[in-house]
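# Results of the structural survey
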Amino acid sequence: MRHVIALDVGGTGMKAALAGASGDLLHQARRPTGRERGPDAVVEGILDFAAELRAYGEQRFGEPAAAVGVAVPGIVDEARGIAAYAANLGWRDVPLRQLLAQRLGGAPVALGHDVRTGGLAEGRIGAGKGADRFLFVPLGTGIAGAIGIDGRVEAGAHGFAGEIGHIVVRPGGAPCPCGQRGCLERFASAAAVSEAWAAACGDPEADAADCAKAVASGDPNAVRVWQEAVDALADGLVTALTLLDPRILIIGGGLAEAGETLFTPLRDAVRRRVTFQRLPSIVPAALGDTAGCLGAGLLAWDLLDHTDRTEVTR
Ligand SMILES: [Zn+2]
């Protein structure tokens with residue numbers, strides 16, 4: 001049976017799958033990324049994992065995977081197949097596409113940026129299914145974005161498109177590791193809300209999920225912290241939707257797990273800010289932490305569809 005390898009490389013763990021033509025996951029596996037062993041060992045671990053998946057697929061389905069899709073964090077040169085930089089994995093300019101193709105007997109390989117790859121899956125088969133224009137914004141340790149246009153995700157000229165977390169929403173505000181001050185992710189990431197709530201409630205262990213619970217129970221201190229994050233987020237999202245005019249705004253990551261505690265005030269805050277802009281529907285992400293893996297599978301299938309089309313037109 002024809003299938004592809006999908007691999008999502010995270011800072012701590014790798015998720016892999018063999019995916020069928022309809023995007024269904026035929027087999028799933030996980031293992032640690034092992035970043036404590038250094039960047040070379042991480043790359044070797046990715047190659048080993050992919051080779052084992054290829055052997056497994058060949059044994060179980062009677063043929064090796066037809067293509068491979070890999071999602072990695074950091075700065076990714078998708079066109080050249082190079083993992084350019086990842087602070088958490090310590091690598092620089094790893095020619096991952098070439099290394100994987102060599103290891104896997106010349107199979108076609110697609111390399112993608114983790115958030116854009118997850119966004120591709122959310123837009124095509126998840127919360128934005130069928131939407132021609134969407135914006136996917138995961139609120140995690142940081143905030144990133146994936147701009148969906150007609151079934152693909154825009155990477156930009158240099159691979160930096162969608163970095164909504166570094167839109168300045170509070171000029172002169174808290175310093176950001178990017179070098180700017182007042183960036184959105186300093187106010188509305190899960191990490192920022194955790195930090196603000198820990199300071200406000202006096203418990204250094206308290207996090208964003210605790211804050212959401214306190215909001216739901218009506219704690220005025222929590223409501224104040226939460227609303228500050230929601231207002232900053234709405235400011236950033238309105239800038240994005242003014243520029244992009246998406247049909248649907250998909251919010252994911254840890255903070256979105258608060259459900260209506262986030263979405264009800266967020267929809268209100270965005271609605272209050274728009275004037276002439278059309279209001280997109282604002283919905284939670286649907287695929288959870290499998291989005292990256294599902295997206296990597298889609299990248300691999302796209303490669304085959306493209307190859308097939310090229311062969312036909314040749
Ligand atoms: Zn920043």
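Figured I'd write up the structure that's included with this text. Please read all numbers here as calculations on a predicted model, not as lab measurements. (Residues numbered from 1 in each chain as written. Predicted model: local features only at pLDDT ≥ 70, side-chain atom pairs only at ≥ 80, totals over all residues. Heavy atoms only, no water.)

## So, helix α3 (residues 114-125)
An ideal rise of 1.5 Å per residue puts 16 Å on 12 residues; α3 measures up with 16 Å between its terminal C-alpha atoms. Most of α3 is tucked away: nine of the 12 residues are buried. Of the residues making up α3, those classed as buried are Val115, Arg116, Thr117, Gly118, Gly119, Leu120, Ala121, Glu122 and Gly123. (Helix = DSSP H or I, 4+ residues; strand = E, 2+ residues; numbered from the N terminus. Expected span 1.5 Å × (residues − 1). Buried < 20%, exposed > 50% of the residue type's maximum accessible area, 1.4 Å probe, protein only.)

## Some thoughts on the sheet that holds strand β9 (residues 133-138)
The strand order β11-β10-β9-β12-β13 describes an open sheet built from five strands, whose pairing is mixed. Each edge of the open sheet carries a strand with a single partner, namely β11 (152-154) and β13 (281-284). Between one strand axis and the next, the sheet turns through 30° on average, direction left out of account. Judged from the four bridges that link them, β9 and strand β10 (residues 146-149) form a sheet pairing that is antiparallel. Within β10, the residue paired with leucine 135 across the bridge is isoleucine 147. Its contacts with the sheet put α3 on β9, β10, β11 and β12 (248-252), and the angle it makes with β9 is roughly 130°. (Pairing = 2+ DSSP bridges. Axes fitted to C-alpha atoms, helices over the stretch in contact; angles between N-to-C directions. Contact = heavy atoms within 4.5 Å.)

## Things to note about the nonpolar core
Judged by nonpolar contacts, the single largest core of 43 residues is most densely connected at Trp226, Leu237, Ile251, Leu266 and Val270. Elements represented by at least two residues in this core include exactly β9, α5 (190-201), α6 (208-216), α7 (220-244), β12 and α8 (260-273). The contacts of tryptophan 226, once residues within four sequence positions are left out, are Val193, Ala208, Cys211, Ala212, Val215, Leu255, Ala258, Thr261, Leu262 and Pro265. (Core = buried A, V, L, I, M, F, W, Y, C linked by side-chain atoms within 4.5 Å.)

## Comments concerning the pairing of strand β2 (residues 13-19)
Counting buried positions along β2 gives six out of seven residues, so the element sits mostly inside the fold. Note: strand β1 (residues 4-9) against β2, six bridges, orientation antiparallel. Following the sheet pairing, valine 9 is matched in β2 by methionine 14. When β2 meets strand β3 (residues 25-32), the two strands line up antiparallel, connected through seven bridges.

## What about the pattern of salt bridges?
Across all of its chains, the model carries 20 salt bridges by this definition. Two residues, arginine 30 and aspartate 289, come together in a salt bridge whose shortest N-O distance is 3.5 Å. Of this pair, arginine 30 sits in strand β3 while aspartate 289 sits in the loop between β13 and α9 (291-313), and the two are 259 residues apart along the sequence. Arginine 30 gets classed as exposed once you look at its relative accessible area, which sits at 55%. Among the salt bridges present, the one from arginine 31 reaches glutamate 52, with a minimum N-O distance of 2.7 Å. A residue pair is termed long-range when its members are at least 10 positions apart, and arginine 31 in strand β3 and glutamate 52 in helix α1 (residues 39-61) qualify at 21 residues. (Salt bridge = Lys/Arg side-chain N within 4 Å of Asp/Glu carboxyl O.)

By themselves, these are just geometric observations and shouldn't be taken as functional.
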